[in-house]
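# Per-entry structural report
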Amino acid sequence: MIERSSGPPAQEPAETSPPHNRFTSMPPHSEPTPESRLHDRITALTRTAGYRAHDPLIVGVQHDNTPPIFLTSGRTLAGKPLTPNTIVYTASLSKQLTAVCAALLVRQDRLDTGSTLAQWMPELPAWADTVRVRHLLSHTSGLPEGVKFDDLHRTKQDHTTPGVIHALAHLDHLVGTPGTEFRYCNAGYVCLAVIIERATSHPLPDFARDHLFTPLGMTATRFWPGPSPHPPGAAPLDPHYPAPLSLGDGGVWSTAPDLIRWNQALEHDELGVSTLLQTPGHLDDGTELDYAWALGIREHAGRRLYQHGGSWAGLTTRLVRLSGQRSSFVIIALDDNQDRTNTLATALIEELAG
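None of these values were measured; they are calculated from a predicted model.

### Let's talk about the nonpolar core
- Val100, Leu117, Trp127, Leu168, Leu212 and Trp262 are the most contacted members of the largest nonpolar core, which has 84 residues in total.
- It is helix α7 (residues 186-200) that provides the largest number of residues to this core, a total of 10 residues.
- By size, the runner-up hydrophobic cluster in this structure holds 22 residues, among which are Ala49, Val59, Leu305 and Ala333.

Shown next, in the form of structure tokens:
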């Protein structure tokens, strides 16, 4: 999730062997290839951004539609070396996958973005009649953030979808007028996930598996509602600050290759919803936003970039796609240093755009 929790950073395990740093294999004594030069350049950029050889980091880069290159270093909290196929929590990157599920339903005429929240969730107070689905998608709903993780942590409760909805059901009023301002809101995407489940009569993990992950070959990716804090075989987070179990705003666990595959699918419009997904949102007065359906939008060197980040205690992520160039990258860092992640992301954008 984009909001930041105040949990302590993960402790670095003592090294009993040389720092783990895995790259795509290169033939010995061969002439440099474009792939090997890009590999070396990515390595240099991670060092310039401040990542050391033993810091827990996964970087995946695809440039010009060539096979992706992966760089990994460090270990999980469980002491296992990070690899490209390590399953990690994706935090707010999950919103993109939730938004695509909604887009599929819109394309099938099973969901109207003009419908009200009250139509789908009548258990919410009267204010829900002023919030529309399009407001949830563009973070213009006027909803508050919802339940803060630290508040739940103090009361020894889990951050779950029922917990968030219960808190909203006891909300007297919105914090803003729907459609009048952009206010990033995880609770809105939790509501969106509930709407998807009610529109399809299927749990979101099952719908996403059948309509997104299986068709795209993203075999390591899933929405995880618990009850354990992470799926089997995944890299655990700090046990004092486990990943939330709410769906929609978060909930997705994945790997770097699967996330690069996800970017490919959106670039090639393999699901038939990329145009809808990439259309900028707007306020009710028509003011255009730099945010689409869980995609931040910006221009760089004449190219459009689609991106989203995420963070949780002990985790920062970034997923970026350069439209038209068929280049993209993912950064997964098992730490709380968002500035370092942002520095690396900026450097990679410059490298790929150049």
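### Describing the sheet that holds strand β4 (residues 88-89)
- What the three strands build is an open sheet, ordered β4-β6-β5; its pairing is antiparallel. The sheet is open, and its two borders are formed by β4 and β5 (222-223), each paired with just one other strand.
- Sheet analysis places β5 next to strand β6 (residues 252-254), joined by two bridges and oriented antiparallel. What sits directly across from Arg222, in β6, is Trp253.

### Considerations on the confidence of the model for the protein
- The predicted model of the protein averages 88 in pLDDT, with 88% of residues at 70 or higher.
- Within the model, pLDDT remains below 50 along residues 1-27, and this stretch shows 74 contacts once partners closer than five positions in the same chain are excluded.

### As for helix α8 (residues 204-216)
- Between its first and last C-alpha, α8 extends 17 Å over 13 residues, near the 18 Å set by a 1.5 Å rise per residue.
- The largest bend along α8 reaches roughly 40° and is located at Asp210.
- The complete set of buried residues in α8 reads Leu204, Pro205, Phe207, Ala208, Leu212, Phe213 and Leu216.
- Contacts from the buried residues of α8 go to α2 (94-107), α7, β5 and α9 (256-267).

### Here we look at the pattern of salt bridges
- Applying the stated criterion across every chain yields a total of 12 salt bridges.
- Between Arg183 and Glu181 there is a salt bridge whose closest N-O contact spans 2.9 Å.
- Its relative accessible area of 35% is what places Arg183 among the partly exposed residues.
- Glu181 sits in the partly exposed class, given a relative accessible area of 35%.
- Note that Glu299 is salt-bridged to Arg304, the shortest N-O span being 2.9 Å.
- Residue Arg304 is classed as partly exposed on the basis of its relative accessible area, which comes to 30%.
- Salt bridges linked by common partners bring Arg52, Asp55, Asp335 and Arg340 together as one network.

Conventions and cut-offs
Residues numbered from 1 in each chain as written. Predicted model: local features only at pLDDT ≥ 70, side-chain atom pairs only at ≥ 80, totals over all residues. Heavy atoms only, no water. Core = buried A, V, L, I, M, F, W, Y, C linked by side-chain atoms within 4.5 Å. Buried < 20%, exposed > 50% of the residue type's maximum accessible area, 1.4 Å probe, protein only. Helix = DSSP H or I, 4+ residues; strand = E, 2+ residues; numbered from the N terminus. Pairing = 2+ DSSP bridges. pLDDT = per-residue confidence, 0-100. Contact = heavy atoms within 4.5 Å. Expected span 1.5 Å × (residues − 1). Bend = angle between axes of the 7 residues up to and from the residue. Salt bridge = Lys/Arg side-chain N within 4 Å of Asp/Glu carboxyl O.

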